[in-house]
Amino acid sequence: MFLRDHWYVAALTSELTTKPISRQLLGEHVAMYRNVSGQVVAIADHCPHRGYPLSLGTVVGDNLVCGYHGFTFDCTGTCVAVPGQERIPSRADVRSYPLVEQGAWVWIWMGKSAPDMDALPKLKWFTETNNWSAVAGVAKIDAQFEYLVDNLLDLSHETFLHNGSIGTPEVATTPIEVETDEENNVVRVYRHMNSVDCPPFYSRTTGLEGKIDRWQDIEYFAPGFYMLHARIAPVGQPPLPDGSDDHAFHMKIFYGLTPATETQVYDFWALSRDFCVGDGEIDEFLIKMQTNVVQEDVDALNILQIRAAGIPEVTEVSVKIDKGGLAARRVLQSMVEAAN
Amino acid sequence: MFLRDHWYVAALTSELTTKPISRQLLGEHVAMYRNVSGQVVAIADHCPHRGYPLSLGTVVGDNLVCGYHGFTFDCTGTCVAVPGQERIPSRADVRSYPLVEQGAWVWIWMGKSAPDMDALPKLKWFTETNNWSAVAGVAKIDAQFEYLVDNLLDLSHETFLHNGSIGTPEVATTPIEVETDEENNVVRVYRHMNSVDCPPFYSRTTGLEGKIDRWQDIEYFAPGFYMLHARIAPVGQPPLPDGSDDHAFHMKIFYGLTPATETQVYDFWALSRDFCVGDGEIDEFLIKMQTNVVQEDVDALNILQIRAAGIPEVTEVSVKIDKGGLAARRVLQSMVEAAN
Amino acid sequence: MFLRDHWYVAALTSELTTKPISRQLLGEHVAMYRNVSGQVVAIADHCPHRGYPLSLGTVVGDNLVCGYHGFTFDCTGTCVAVPGQERIPSRADVRSYPLVEQGAWVWIWMGKSAPDMDALPKLKWFTETNNWSAVAGVAKIDAQFEYLVDNLLDLSHETFLHNGSIGTPEVATTPIEVETDEENNVVRVYRHMNSVDCPPFYSRTTGLEGKIDRWQDIEYFAPGFYMLHARIAPVGQPPLPDGSDDHAFHMKIFYGLTPATETQVYDFWALSRDFCVGDGEIDEFLIKMQTNVVQEDVDALNILQIRAAGIPEVTEVSVKIDKGGLAARRVLQSMVEAAN
């Protein structure tokens, strides 16, 4: 049971070229490519003739030609040519999916309803390249969507699973505050670590030394994406009453959570920062670090899935650190119920 | 549901030596080898003692000795020795299968009835080595038998799937004629491409230049084998009324289609030609080309099978190019019904 | 249906260090490690919080810290720390398993009942290092426990499966005697090969030449372990009436049979000898030879399991060599019935 009438990240913009890719999204096989006009296209990855994946075909002009018998489709999924005859059967059309290219991502609308353009995320931190520098990537996890939600909503795992990189002892010990915006299906988790040691990466890149205030404020926009607002500042200097916060350094950590199947999920990540803007070495460092961090999550969630498959009934013992994850589960559950 | 009372290719003759091989044919595990007298043998690949595969045993003289505990079988499957005792239990015999070695192939009769020797294919193009030169090979496809039938009966796919080698635009655009011989379970598909460009391979090997007539006439002898009669000739020079056709060049493309399981099939291929007879370089070229072509088919059918496994109900849109494949399906369906 | 109230080998002592290992035993995932005090510990490999394998955690002092969120357990499985709070939920404890370290092995008690210390095997041949030299190893077999029992109780397979190493023709042809001790669940199989050629290994290491008496006496202590008493002696010189047997050479071949799952079993092997004691080259030779022998068994049993999975109903033809295996099956069957 997938929540279809929402925007999900389907691909990094850099992944779509005139060589089609195949990706299973919300259980459906989707062929995606960029036609010669530069437009991104997503159609059902299944030729109606004999079921061959259209992603194995060839982009010719703005059309996609099936690699088995040459049935040809335009970017709306309409069949425009059939081999050996002039007449084109009306049943030969395939479904196309609305796509929107924005920043590092191509967003897709998998619902049967018309796409809700107002619901399309606006994430200025990843499009305003004058003030922000961003890096992005994607990983496929062989685990159910829900495990990734749990993982991202409880950052206390950083202390243990990512203790070689982003984890510090304070993350696990600092209490969290959780808010749920039920109307908009948003869960917010605040973790303010005040007067803690400045991690080496931040002291090197920001010039801050000694103790700092380090905030990790999560916003999970169920079901499809997540923002972690990381804030590093001198001790005791919160944002000003008008909201300005120029004396702090900010990192915006995005995750797009896109179910592939019932037991697989894509993890689209991106980091944007308002310091060292345009510094390619910092970009490379962050890509490498985050790739490692994500791989640690991939490994952990993959083994969770394997182990859970052998268990007749799941039991859990929840504690305070799980408040964010439990709130997210409640929001998702009510969305599923509302969709039925 | 396999059609058992028919001849199928079980192996290339070159595959059978005194080191047994194991092959699943029509769902049954078969051990095949050549005994020291040179005779080819096929018996059930399952020791009646504890179920060990007899193909892992050792040929000793004209017998096969099980590799686990030494139960010994002659070439009729009769158990002739048991370790540690003189008495041989009557239940210890295993089934043997009639084999016939002919040209490049060993044919097997998997039916419970007596083998129909009259039905054994006679394919002079692969045995008369004075006038014909043949090459042969085999591939295993992780897809159901029916997909290979579809593939071979509709050669319009050459234009797209094999466009780097044997595919030319005319194949897909030239109309076909289809005949069904219901009495003998034969489907014939005629595709006569007249006055078309001579493909490079043919111009190099035949001396023909410019435009040619290129015919592809299929005979599918359901269920187990298939002949593609390829004819290359100067434009407008059909065979003479008496059937002689010495002014043309002929390539006979054989396929043996042998189901392994419900979702796997062996694809035994062979090519024979009446030009450049005995030319080893041409042999090598053809082996390499055909191996690549078959691999393209293997890859395509494998992915079809994977994708179909995830689909609740198969839907298709058939067009004119599918007439041969649809005729073959009807013949196979009526054979299955007659066998029940 | 596993027989739980018995001792099984869980690991080689050398496998347990402060880096935990995970092993599935009798269907349960078990985390095993050695704490900083040197004590061996086995607890359920499943964090009660979110199900992460505890074997992926870190040993800190005498505790194990979960690698995902830091739940911490002592060596009795009691949860002693939870991140972000003082209170520890009582449901957070995990099961621990009694372990006993002895010779090359760590024995585990998987039953719910209290461990039966009297039932713990006493195998002096593997602990009295003054008079005996032992080597040990382990292999995982992707086949059901029962296949390994069959394999070990019928050594006639040595002649065929291990004909390149330990198999000689006499093993298969020499009749066996079988005794069943139903009260203690022990099956004994005697195979006395008298006046046979001395295998090269034994003549090289014992100095015996020409014909010898070679005895293979099996004791299978169902379900978990097995001793093969191999005895090499000059022809016609049995042990003395008082049981002393100093004129013979002895090899004690141990197998621990520990079910992993319904279709997987661990094969813990060890060899001990009372000749060439302390000779490291002989140790290395025996490790290499036995590793090869065990791999031959692994390969054979793996293929048996694969083949059996495709067979609707198992049929067998049993002969005299199977008497030991059939006796073992009867003992195991009555143990299963008694346990229900």
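Sequence positions are assigned chain by chain, starting from 1 and proceeding in written order. Chains carry letters and ligands carry numbers; both start at the beginning, A for chains and 1 for ligands, and go up in the order they are written. Totals for whole chains, interfaces and linings use all residues, but because this is a predicted model, local features are given only for residues with pLDDT of at least 70 and pairs of side-chain atoms are given and counted only at 80 or more.

Quick notes on the overall build of chain A
Working step 1: For chain A, the count of helices and strands is 6 helices and 17 strands.
Working step 2: Taken against the 2.2 N^0.38 rule, which gives 20 Å for 340 residues, the C-alpha radius of gyration of chain A at 22 Å falls within 12% of a compact globule.
Working step 3: Projecting the C-alpha coordinates of chain A onto the three principal axes gives extents of approximately 75 × 50 × 35 Å.
Working step 4: Any residue with 12 or fewer other C-beta atoms within 10 Å of its own C-beta is exposed, any with 20 or more is buried, and the rest are partly exposed; the C-beta atoms used are placed from the backbone. Within the span of chain A, comprising 340 residues, buried residues form 44% of the whole. Under the DSSP-based scheme used, a helix requires at least four consecutive residues in state H or I and a strand at least two consecutive residues in state E, with every element numbered from the N terminus. What the globule rule says is 2.2 Å times the number of residues to the power 0.38, and the radius of gyration is computed from C-alpha atoms.

A word on the environment of A:Leu26
Residues and elements named next belong to chain A.
Working step 1: Looking at the element boundaries, Leu26 is found in the loop between strand E2 (21–25) and strand E3 (28–34).
Working step 2: Given 19 C-beta atoms within a 10 Å radius, Leu26 is considered partly exposed.
Working step 3: Along the primary structure Leu26 and Gly61 are separated by 35 residues, whereas in three dimensions their C-alpha atoms are 29 Å apart.
Working step 4: By the convention adopted here, residues make contact when the C-beta atoms placed from their backbones lie within 7 Å. Once residues within four sequence positions are removed from consideration, Leu26 is found in contact with Phe2, Arg4, Met110 and Pro259.

Some thoughts on the sheet that holds strand E4 (residues 40–44) of chain B
Residue and element names in this part refer to chain B.
Working step 1: At least two DSSP bridges between two strands are needed for those strands to be called paired. What the 3 strands build is an open sheet, ordered E2-E3-E4; its pairing is antiparallel. Two strands close off the open sheet at either side, each with one partner strand: strand E2 (21–25) and E4. This sheet shows a mean twist of 30° between the axes of neighbouring strands, independent of strand direction. Every angle, taken between N-to-C directions, lies between 0 and 180 degrees, and every axis is a line fitted to C-alpha atoms, over only the stretch in contact when it is a helix.

Notes on the interface of chain C and chain A
Working step 1: Between chain C and chain A, the contact holds 18 residues from the first and 20 residues from the second.
Working step 2: As a working rule, the residues Ala, Val, Leu, Ile, Met, Phe, Trp, Tyr, Cys and Pro are called nonpolar, Asp, Glu, Lys and Arg charged, and the rest polar, with Gly in that last group. Among the residues forming the side of chain C that touches chain A, the class breakdown is 9 nonpolar, 7 polar and 2 charged.

A closer look at the relation of the copies chain B and chain A
Working step 1: The superposition of copies rests on a least-squares fit of C-alpha positions from residues with pLDDT of 70 or more in both. Expressed as a screw transformation, the operator carrying chain B onto chain A has a rotation angle of 120° and an axial translation of 0.1 Å, and the superposed copies differ by an RMSD of 0.0 Å. Read as a symmetry element, the transformation amounts to a three-fold axis. Closest approach to the rotation axis among the C-alpha atoms of chain B is made by B:Ala309, whose C-alpha sits 12 Å away.

Let's talk about the interface of chain B and chain A
Working step 1: If you look at the interface, chain B gives 20 residues, while chain A gives 18 residues.
Working step 2: For the side of chain B that touches chain A, the secondary-structure elements that each account for two or more residues are helix H2 (158–161), helix H3 (169–173) and helix H5 (280–309) of chain B.
Working step 3: By residue number, the principal contributor to the side of chain B that touches chain A is H5(B), which donates 5 residues.

A short note on the packing of helix H1 (residues 145–153) of chain C against helix H6 (residues 323–339) of chain C
Residue and element names in this part refer to chain C.
Working step 1: The N-to-C vectors of H1 and H6 enclose an angle of 140°; their axes lie 7 Å apart at closest approach. Of the possible angle classes, the one that applies to H1 and H6 is oblique. The chirality of how H1 crosses H6 is right-handed. Taken together, the residues of H6 that come into contact with H1 (itself represented by Val149, Asp150 and Leu153) are Gly324, Gly325 and Ala328.
Working step 2: Grouping the amino acids of the contact of H1 with H6 by side-chain chemistry returns 3 nonpolar, 2 polar and 1 charged. Roughly parallel covers angles under 35 degrees, roughly antiparallel covers those over 145, roughly perpendicular covers 65 to 115, and oblique covers all other angles. By the definition used in this description, the sense in which the near helix is turned from the far one sets the handedness, with an anticlockwise turn below a right angle giving left-handed and a clockwise turn giving right-handed.

Quick notes on the domain arrangement of chain A
Residue and element names in this part refer to chain A.
Working step 1: Looking at chain A, the domain boundaries give domain 1 (7–118) and domain 2 (128–339).
Working step 2: These domain boundaries are the output of an automatic or database domain assignment. Distance between the C-alpha centres of domain 1 and domain 2: 32 Å.
Working step 3: Across the boundary between the two partners, domain 1 contributes 11 residues, which contact 11 residues of domain 2.
Working step 4: If you list the elements that add at least two residues to the side of domain 1 that touches domain 2, you get strand E1 (7–12) and E2.
Working step 5: Looking at the side of domain 1 that touches domain 2 element by element, the count peaks at 5 residues for E1.
Working step 6: Considered class by class, the residues forming the side of domain 1 that touches domain 2 number 9 nonpolar, 2 polar and no charged.

Description of the sheet that holds strand E9 (residues 99–102) of chain A
All names here are of chain A.
Working step 1: If you walk across this open sheet you meet the 3 strands as E1-E10-E9, and the pairing is antiparallel. Each end of this open sheet is capped by a strand with a single partner; those strands are E1 and E9. Adjacent strand axes in the sheet meet at a mean angle of 30° when their direction is disregarded.
Working step 2: Bridging between E9 and strand E10 (residues 105–109) involves 4 bridges; their strand directions are antiparallel. Following the sheet pairing, Leu99 is matched in E10 by Ile108.

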